[in-house]
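A structural walkthrough
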Amino acid sequence: MAQQGSARAFLHAAAWHPAALGAALAASLALSPAADANLPPEGFADLVAKVSPAVVTVVVSKEVSATPSGLPGGVEPGSPLDEFLRRFGIPSPEPQPQPGQRLRGLGSGFVIEQDGYIVTNNHVVEGAETVQVRMADEREFEAKVIGADPPTDIALIKIQSDQPLPMVALGDSDSVRVGDTVLAVGNPFGLGGSVTAGIVSALGRDIQAGPYVDFIQTDAAINQGNSGGPLFNAHGEVVGVNSAILSPSGGSVGVGFAIPANLVKTIVGQLKTKGGVDRGWLGVGIQTVTLDLAEALGLGEANGALVATVDPRGPAARALRQGDVITEFDGRPVKNSRELPKLVGGSEVGHEAELKILREGQSRTVIVKIGRLPEQTLAAVPGPGQPERSFGMALAPLTPEIRKSLGLDPDIEGVVVTGLDPTGAAVQAGIEAGDVIERIGQEPVTKPADVRRALAHQQGRTTLFLINRQGNEIFIGVPRDAG
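Residues numbered from 1 in each chain as written. Predicted model: local features only at pLDDT ≥ 70, side-chain atom pairs only at ≥ 80, totals over all residues. Heavy atoms only, no water.

Examining the overall build of the protein chain
Note the following rule: Starting at the N terminus, helices and strands are each numbered in turn, a helix being any DSSP run of H or I of at least four residues and a strand any DSSP run of E of at least two. Note on classification: 1.4 Å probe, protein chains only; a residue is buried when its accessible area is under 20% of the maximum for its type, exposed when over 50%, partly exposed between these limits. Note on definitions: a residue-residue contact is assigned when non-hydrogen atoms from the two residues lie within 4.5 Å. Methods summary: accessible areas were calculated by the Shrake-Rupley approach with a probe of 1.4 Å, and residue burial reflects only the protein chains presented.
A count of helices and strands for the protein chain gives 10 helices and 29 strands. Of all 483 residues assigned to the protein chain, the portion counted as buried reaches 51%. If you take every contact in the protein chain between residues at least 6 apart in sequence, the share linking residues at least 24 apart comes to 62%. Per element, the accessible surface of the protein chain, about 21300 Å² overall, is 51% carbon and sulfur.

Overview of the pattern of salt bridges
The line we're drawing: Definition used for salt bridges: Asp or Glu carboxyl oxygen within 4 Å of a side-chain nitrogen of Lys or Arg.
The full count for this structure, using the stated rule, is 14 salt bridges. The partner of R139 in a salt bridge is D137, and the shortest N-O contact between them spans 2.9 Å. Taking relative accessible area as the criterion, R139 reaches 26% and is therefore assigned partly exposed. Taking the shortest distance from any N to any O, the salt bridge between R469 and D435 comes out at 2.7 Å. Here the residue R469 occupies a position in strand β28 (residues 462–469), and D435 occupies one in the loop between α9 (425–429) and β26 (436–440), the gap between them amounting to 34 residues. Salt bridges here are not isolated pairs; linked through shared partners, they connect D214, R338 and K342.

Brief notes about the packing of aromatic side chains
Stated formally: Centres within 6.5 Å are what make two rings of Phe, Tyr or Trp a pair, Trp counting through its six-membered ring; a difference in plane orientation under 30 degrees is then read as stacked, over 60 as edge-to-face, and the rest as tilted.
Taken as a whole and judged by the stated rule, the model has 1 aromatic pair. Measuring from centroid to centroid gives 6.3 Å for F215 and F257, while their planes differ by 75°, and the two rings are edge-to-face. Residue F215 is located in strand β11 (residues 215–218), and its partner F257 is located in strand β14 (residues 256–260); the two are separated by 42 residues in the primary sequence. Like F257, F215 is buried.

What to know about the confidence of the model for the protein chain
Rules: Confidence of the predictor in every single residue is expressed as pLDDT, which spans 0 to 100.
Summary statistics for the protein chain give a mean pLDDT of 77 and a share of 77% for residues scoring 70 or more. Low pLDDT, under 50, characterises residues 1–37; the stretch is placed with 57 contacts to residues that sit more than four places away or in other chains. Here residues 376–390 scores under 50 on pLDDT; set against residues more than four positions off or in separate chains, the count is 55 contacts.

Thoughts on the side chain of S52
Put simply, the test is: We call two N or O atoms a polar contact when they sit within 3.5 Å, provided that within protein one can donate a hydrogen and the other can accept it, with sequence-adjacent residues counted only if both atoms are side-chain atoms.
With respect to the helices and strands, S52 occurs in the loop between α2 (45–51) and β2 (55–63). Separated by 2.8 Å, the side chain of S52 and the backbone oxygen of V48 make a polar contact.

Observations concerning the nonpolar core
As a rule of thumb, soluble globular proteins bury nonpolar side chains together. Basically, it comes down to this: By convention a nonpolar core is built from buried Ala, Val, Leu, Ile, Met, Phe, Trp, Tyr and Cys residues, the set being connected through side-chain atoms within 4.5 Å.
Counting residues in hydrophobic clusters, the biggest one holds 29 residues, and the most contacted among them are V119, I154, L183 and F232. Counting only elements with at least two residues in this core, the list comes to α2, β4 (117–121), β8 (154–158), β9 (181–186), β10 (194–205), β13 (238–245), β14 and α5 (261–274). Top contributing element to this core by residue count: α5, with 4 residues. Residues within four places of I154 in sequence aside, it is in contact with T120, N122, A148, D149, V241, I259, V264, I267, V268 and L271. Ranked by size, the runner-up nonpolar core spans 20 residues in total, among them F329, L340, L355 and I370.

A word on helix α10 (residues 448–457)
The condition that has to hold: Directions are taken from the helix axis to each C-beta atom, and the arc is the one they span.
Of all the residues in α10, the buried ones are P448, D450, V451, A454 and L455. Down the axis of α10, the smallest arc covering the buried residues is 150°, so these residues share one side.

What to know about α5
Rules: Residue count minus one, scaled by 1.5 Å, sets the expected span of a helix.
The end-to-end C-alpha separation of α5 is 20 Å, in line with the 20 Å expected for 14 residues at 1.5 Å each. Residues of α5 that are buried include every one of A261, V264, I267, V268, Q270 and L271, and no others. Residues of α5 that are buried make contact with β4, β7 (144–149), β8, β13 and β14. Phi turns positive one or two residues past the end of α5, at G275, with a value near 80°.

Right under this line is the structure:
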């Protein structure tokens, strides 16, 4: 046990201690045990030699302005380090950062255009004061963040080079199959360029990291520092961006997750041209049709997304009603409430979408002109030693129009629940779409960011919510381990 604890401490220090960044980076090839059966007779050496020059190390830094509190190890809430540790489910490193000290973090990325455009994770560069890129040949460049998209955890950065840079291409992630061989290339623990091999373990994984990403799961070893690095197929195409792992210890246990390349293409295209992402918006709060709801609504099967609330200012205000069940969006089936946000969010603003709905047992087709998604967020709180877990709530500010539609007095303040993950802790505890969160613990909330901040401050196994439901205030206790 002593040896295991020492190894764990070393890995944390190698990834985050400022002195570790000055160490020489050594290229290594490490195959996970699960990869042996997939190793071709000739090995992966030719493929690795082809793609590795385009994989980079991303080094970020930020000065600590005050002694942080409220998180283990004194990590500053909201910092890239905080986000990294939450995503990987590990305790913060020691020693605690002090005011004036510069925190440094390591991630990975890959060049997608020869003129210096590089893809990485948003949580690698978010909040960073400086971003540096180190190429496989040891050249270093200052990088500029072109744009970032927190909901999908994708960021696009840019470096300037006097000569064309090695690059890799984004492949077709829709063609990926369970069992395909994949390679993860990155910079785990600050060691330098490393390669791990495995297979695609599953597709379409929901790890409660938001409504817009269904992850590729792989058993190729992914560790701290691999964030933002590429997941290659056997042809050297990038089929995913490594983003998270599920691990009780912080090290790889063969359960890693990558953002599919086809989604990355869409996001990167918008980041390059606009610096941000415009998402489609219907303006409805939805929930999944359960067996009980299907029976109550007189439906033949539990299928579709049930409209729980309709924003009177939203694009769908004239076309949809509370109680409608959306079964198709532009010809694509909607099996549950999780599928609809991805379909709507991926639509162009201004597009006239065709929706098939069930209303009072009758099938109808309605046309909705897609609007632009306003500010929303997913409220999340991590448990100690666990990966980030979402309470499963989509939130929006309580505007005067929404307040009026919910029949609330003008003096009511809070954050409205616009959607719920049916597997999340909130819905299991009894929170409903259309509820207004007035207080979490003893902290009043008036905007979505307040909810995330308040949840980070809560202690114990259950968080107390004060909810206003149709003008009536009720308390609901939400267990942290319920979702």
